[in-house]
Amino acid sequence: QVQLAESGGGLVQAGDSLRLSCAASGRTFNGYAMNWFRQAPGKDREFVAVIWSSGRTYYADSVEGRFSVSRDNAKNTGYLQMNSLKPEDTAVYYCAVSMGGWDLRPSGMLYWGKGTPVTVSS
């Protein structure tokens, strides 16, 4: 069992930056892929970014070049650095862990955090 807790969300203006954290507990998450999803009001949860245990990363087209995902295995923590934020980035952001591979659907995740809200004003 892995417990995940996101933090770092808030209200910012367009063009600002935020860094989200995802702290894992219960088991080491070294062997898992750490994923970030988001869900805007009235919309489905969508994939944002992943960092595999190898350190390889992959991003949704909508955030490529603006967001950066990283992990610190010693701290059992993952991060999502979000730069040049846009109003359309407004959503609740969730971290989730998976066994890896290319199944980046929400159904492919093993454990989820409860989310942290991000609001970007124009």
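A brief report on the enclosed structure follows.

The rules behind these values
Residues numbered from 1 in each chain as written. Predicted model: local features only at pLDDT ≥ 70, side-chain atom pairs only at ≥ 80, totals over all residues. Heavy atoms only, no water. Helix = DSSP H or I, 4+ residues; strand = E, 2+ residues; numbered from the N terminus. Rg over C-alpha atoms; globule rule 2.2 N^0.38 Å. Buried < 20%, exposed > 50% of the residue type's maximum accessible area, 1.4 Å probe, protein only. Pairing = 2+ DSSP bridges. Axes fitted to C-alpha atoms, helices over the stretch in contact; angles between N-to-C directions. Contact = heavy atoms within 4.5 Å.

A look at the overall build of the chain
Phase 1: If you tally the helices and strands in the chain, you get zero helices and 11 strands.
Phase 2: N-terminal to C-terminal, the α/β element order of the chain is β-β-β-β-β-β-β-β-β-β-β.
Phase 3: Scaling as 2.2 N^0.38, a compact globule of 122 residues should have a C-alpha radius of gyration of about 14 Å, and the chain matches this with 13 Å.
Phase 4: The proportion of buried residues among the 122 residues of the chain is 43%.

Observations regarding the sheet that holds strand S8 (residues 77–82)
Phase 1: Spatial ordering of the open sheet is given by S1-S3-S8-S7, a layout of four strands whose pairing is antiparallel. In this open sheet, the two edge strands, each paired with only one partner strand, are strand S1 (3–7) and strand S7 (67–72). Averaged over all neighbouring strand pairs, the angle between strand axes comes to 15°, with direction disregarded.

Looking at the environment of serine 122
Phase 1: By the element assignment, serine 122 lies in the segment after strand S11 (116–121).
Phase 2: Each C-alpha atom, one on serine 122 and one on alanine 14, is 5.3 Å from the other, the two residues being 108 residues apart in sequence.
Phase 3: Leave out the neighbours within four places in its chain, and serine 122 touches Ala14 and Pro87.

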